[in-house]
Amino acid sequence: MAIAAVVSWDWPQAWPGIMEFIVNSIKDRKDANLLMGCLRCLSVIASDLDNEQAPQLVQALSPELCSVVCHPSTPPAVAATCFSIMAELAGALAALSGTYQRQVRQMLVPLMEPWLPLVCSTLTSDIKDRSGWAPKCAALRLAHPLVAYFSKPLEAGMPQLMGATWQLLLAAQPLHQSILVEGSDEEGMADDEAGAAAGGGEEEPVGLDSLLNQLFELLLSFVGPSRFRRQLEAALPQMVYVAVAYLQMTQDQAEAWAASVNQFVADEEEDMISCRASAELLLCELSEDFGGPALSAVLEAVSRRLAEADAAAAAAAAAGQSVITNASGPVTISAFRALAMLCPATSPGQLQPLLSPLLGSLVTLLAAAEEESLHLVLEVLEAVIAAAAAAAGGGGQGGLSPEQAMAVAQPVLQAWVAHTSDPLISPDAQAVIAAIAAHPACLPSLAAAAAPTLAGILSSGTAARQAKRQGLRPRLAAAAAAAGGAVEEAPMLVEASLDLLGTLLQPEQPAVAAELCRGILGPVLHLLLASDDPSELNSAFVVRLALLDGQQLLELLAGMTLQRPVGNSTTGLAVVIPLWLEHTPDLSGSLLTRQNAAALLQLLQLRHHPGLASLMVQGQPIEAPAAAGGGGRVTRARAKQQGGLQYSQVPAPAKVLQVLGQLLAAEAEGASAGRARGRAGGAPWELAGGDNDDEDYEDDDDEDDEGFESEEEGGAAAAAAAAAGDFSSPMAGMKLKGVG
């Protein structure tokens, strides 16, 4: 290894005779230790040779290495090293291109031809001899460049190589079943022990899984080139049948599933090196290359394997024997995950007869699923329901019925309430509800089923916030428990409920929205009164309701009487409109800004509504008289002396126009800044104006209060127009891009 390190760094500038010494030592083969040392040295440096050195070394070494492998007394570890060296040298052709690659390839053909029968004989040797696993694995590595670069000049020997590969695939399957799938100890050593024995005790262990990965990699190299198509097509049914057996979960994978379902699924989606993943990739490549015949072969192979498994289990049970099988959980989940992939491509005629039993099975599985597999079931439910909606919307027959929707909605709502804080389960449950809501016939029953649950959550959230404000921990815990979650989860559950309400408000069915709001709007407003953060009003629920029917929103709010925490009563209109107008200018995000602007535009068109027209809301800060020495501005110090800022009161329609102007001005400014940054080549997220730090901020009494004024220029212009009674501003009739 020391010599290998020296060669890697200094050769050929220094030690010019070292390579000749190594080659001559291999030719002599008088000292077994010297031979093995030279081979190990070559195996280390072979991958570091340049485009000129590698072909030269092949010319010098190939005959000698070939004779070493052919000698009957050569140990398996030595043969494996010879195959590995040749695999590295032949693989160096991948770095060559054009005319030079063709010239080198033609030069190497006579040298590579003797290796083909050696590879075939190694692959067909007894696989139960575990000392032969390392040579087999190395021979498979050499076979890959032989197929990739020499299959045309060595075309006469390719059928023999394909036959040897096929024999190895067949011979390895029983070992895969007993050692990897069943984890049987009757077969002898474990993988690590086998690999150590095969590698001579010092080489990297070669286990059965590694051997099979190399085997499938070689099989994949046969798929695609036209010269191999005829042989593959003839063997397609049997090859697929054997490959399906390699898809079984191993004992280690079954234990990983039992430890953590989510982790198992995440790992398997990223797994590209296991035998299971390699077999799956082979089946996918065959299906893509051969189309219908390959798919039919897969279906037939799976059916045969399942029938054989059932027959084996029945025979073992009749004989009073125990049968080693994988847990039913992975099988069920795998079946449903496959179903989720198939549903989008299923025709309406195929899906509709199966819809009721599918949903029934999924609901049953949902009730029995553990927390770690619950989101997988919800993903499948969403796929099935979405496929049914797509079929109905595309002119297909049927779709989801209200009865089916109710059977699914109730358990999904329960799962959602119980797992609101779960980052996987909660969004998946909401996606299922949204998929049901996409069926127009199901929306009324869905809203009726969801309304009591959501109203209870919001009411419990109100009680929890009141208890928190009063410092009553036991009442807070009781309120959170009534909402279906822990104390820490109650705010998250309330926020999720408001989002879900926005999902259920569909423009196509205003009657459903009206009925839903009659039962929900009261708890929402009570929640706002009890909240320390009134900006929660900017939820999808209220904005979407205003977009659906502004007149209906005003009527509902005006007709609601609410009790304030201080004791006096008020109307829903007096609660919602002031808070909405106060916090809307603080919004961030283009989509939310446009949605709120469109909703405010609806209110502006209803400015003559008696309740809205008579409502007075907070206007601009009242400026200090010039005679008082304040120059008309209210500073922080002066505001403190007055007990806080004093605001004027303006009609609500005037404030609506003012806030709408601010939103439109901010949106236009953002769009203009984005275009300017695009022309300047700046990043789209870069803030205009520099590093945006606060070093220049000073909290004195009178000098730095210019930014304390509350209204922006765009809003001030709109407010001035409103104060003059002019509601014909072009802003009021402006169409908003991106808003329906």
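Everything numeric here is computed off the predicted structure, so don't read it as measured data.

Some remarks on the overall build of the chain
Stage number 1. When its secondary structure is counted, the chain shows 33 helices and four strands.
Stage number 2. For the chain, the residues scored as buried account for 44% of the 740 residues in total.
Stage number 3. Within the chain, contacts between residues separated by at least 24 positions form 76% of all contacts whose residues are at least 6 apart in sequence.

A word on the environment of Glu 280
Stage number 1. Structurally, Glu 280 is set in helix α15 (residues 275-290).
Stage number 2. Taking the C-alpha atoms as reference points, Glu 280 and Leu 247, separated by 33 residues in sequence, lie 6.8 Å from one another.

Overview of the nonpolar core
As a rule of thumb, soluble globular proteins bury nonpolar side chains together.
Stage number 1. Ranked by internal contacts, the top residues of the largest apolar core, which has 103 residues, are Trp 416 and Ile 436.
Stage number 2. Among the elements that take part in this core, helix α25 (residues 510-530) stands out by supplying 11 residues, more than any other.
Stage number 3. Sequence-distant contacts of Trp 416, defined by excluding residues within four places in its chain, comprise Ser 426, Ala 429, Gln 430, Leu 454, Ile 457, Leu 493, Ala 496, Ser 497 and Leu 500.

Some words on the pattern of salt bridges
Stage number 1. Under the counting rule described, the total for this entry stands at three salt bridges.
Stage number 2. We note a salt bridge from Glu 88 to Arg 141, for which the minimum N-O separation is 3.1 Å. Of this pair, Glu 88 sits in helix α5 (residues 76-91) while Arg 141 is found in helix α8 (residues 133-150), placing the two residues 53 residues apart along the sequence.
Stage number 3. According to the relative accessible area criterion, Glu 88 is partly exposed, its value standing at 29%.
Stage number 4. Between Asp 289 and Arg 229 there is a salt bridge, and its shortest N-O distance comes to 3.1 Å. Within this pair, whereas Asp 289 is found in helix α15, its partner Arg 229 is found in helix α12 (residues 229-245), the two being separated by 60 residues in sequence.

Comments concerning the packing of helix α2 (residues 18-28) against helix α3 (residues 32-45)
Stage number 1. Two numbers describe how α2 lies on α3: the axes approach to 9 Å, and their chain directions differ by 130 degrees. In terms of orientation, α2 and α3 fall into the oblique class. Pair α2 / α3 crosses with left-handed handedness. Each of Met 19, Phe 21, Ile 22, Ser 25 and Ile 26 in α2 lies in contact with α3, whose residues at this interface are Leu 34, Leu 35, Cys 38, Leu 39, Cys 41, Leu 42 and Ile 45.
Stage number 2. For the contact of α2 with α3, the residue count by class is 11 nonpolar, one polar and no charged.

Some thoughts on the side chain of Ser 287
Stage number 1. Positionally, Ser 287 belongs in helix α15.
Stage number 2. Residue class for Ser 287 comes out buried when judged on its relative accessible area of 17%.
Stage number 3. Within the structure, Ser 287 has its side chain in polar contact with the backbone oxygen of Leu 283 (distance 2.8 Å).
Stage number 4. Apart from the residues lying within four places of it in its own chain, the contact partners of Ser 287 are Ala 294, Leu 295 and Val 298.

Quick look at the side chain of His 176
Stage number 1. Tracing the backbone through its elements, the reader meets His 176 in helix α9 (residues 158-181).
Stage number 2. Setting aside chain neighbours within four positions, we find His 176 in contact with Val 181, Leu 208, Leu 212, Ala 245, Tyr 246 and Cys 275.

Quick look at the packing of aromatic side chains
Stage number 1. Under the definition given, this model contains three aromatic pairs.
Stage number 2. Centroid distance Phe 222 to Phe 228: 5.1 Å. Interplanar angle 80 degrees. Geometry classified as edge-to-face.
Stage number 3. Against the face of Tyr 241 rests Arg 304, its NZ or CZ located 3.7 Å from the ring centre.
Stage number 4. Taking the ring centre of Tyr 241 as reference, the NZ or CZ of Arg 305 above it sits at 3.8 Å.

A short note on the packing of helix α6 (residues 98-112) against α8
Stage number 1. At their nearest, the axes of α6 and α8 sit 11 Å apart, and the two run at 125 degrees to each other. Between α6 and α8, the interaxial angle falls into the category oblique. As α6 packs across α8, the resulting crossing turns out to be left-handed. Listed contacts from α8 to Gln 101, Arg 105, Leu 108, Val 109 and Met 112 of α6 are Leu 146, Tyr 149 and Phe 150.

A short note on the environment of Ala 92
Stage number 1. With respect to the helices and strands, Ala 92 occurs in the loop between α5 and α6.
Stage number 2. Spatially, the C-alpha atoms of Ala 92 and Pro 145 are 9.1 Å apart, while their sequence positions differ by 53 residues.

Observations regarding the environment of Arg 40
Stage number 1. By the secondary structure assignment, Arg 40 is in helix α3.
Stage number 2. According to the relative accessible area criterion, Arg 40 is partly exposed, its value standing at 24%.
Stage number 3. When the C-alpha atoms of Arg 40 and Ser 84 are compared, they prove to be 9.9 Å apart, with 44 residues separating the residues in sequence.

Some details on the confidence of the model for the chain
Stage number 1. Taken over all residues, the pLDDT of the chain has a mean of 74, while the share at 70 or more is 71%.
Stage number 2. Within the chain, helix α7 (residues 115-123) carries the highest mean pLDDT (93), whereas helix α23 (residues 473-482) carries the lowest (43).
Stage number 3. Note on residues 471-483: pLDDT under 50 across the span, and 22 contacts to partners over four residues away in sequence or across chains.
Stage number 4. Overall, residues 485-489 carries pLDDT values under 50, and its contacts beyond four positions in sequence, including any with other chains, amount to eight contacts.

Concerning α9
Each α-helix turn comprises 3.6 residues. Residues three or four places apart therefore point the same way.
Stage number 1. Here α9 spans 32 Å end to end across 24 residues, near enough to the 34 Å set by a 1.5 Å rise per residue.
Stage number 2. The sharpest bend along α9 reaches about 35 degrees and sits at Leu 175.
Stage number 3. A positive phi of about 65 degrees marks Gly 183, the residue just after α9.

Conventions and cut-offs
- Residues numbered from 1 in each chain as written.
- Predicted model: local features only at pLDDT ≥ 70, side-chain atom pairs only at ≥ 80, totals over all residues.
- Heavy atoms only, no water.
- Helix = DSSP H or I, 4+ residues; strand = E, 2+ residues; numbered from the N terminus.
- Buried < 20%, exposed > 50% of the residue type's maximum accessible area, 1.4 Å probe, protein only.
- Contact = heavy atoms within 4.5 Å.
- Core = buried A, V, L, I, M, F, W, Y, C linked by side-chain atoms within 4.5 Å.
- Salt bridge = Lys/Arg side-chain N within 4 Å of Asp/Glu carboxyl O.
- Axes fitted to C-alpha atoms, helices over the stretch in contact; angles between N-to-C directions.
- Parallel < 35°, antiparallel > 145°, perpendicular 65-115°, else oblique.
- Left-handed = near helix turned anticlockwise from the far one by under 90°.
- Nonpolar A, V, L, I, M, F, W, Y, C, P; charged D, E, K, R; others polar.
- Polar contact = N/O pair within 3.5 Å; in protein donor to acceptor, adjacent residues only side chain to side chain.
- Phe/Tyr/Trp six-rings, centres within 6.5 Å; stacked < 30°, edge-to-face > 60°.
- Lys NZ or Arg CZ within 6 Å of the ring centre and 35° of its normal.
- pLDDT = per-residue confidence, 0-100.
- Expected span 1.5 Å × (residues − 1).
- Bend = angle between axes of the 7 residues up to and from the residue.

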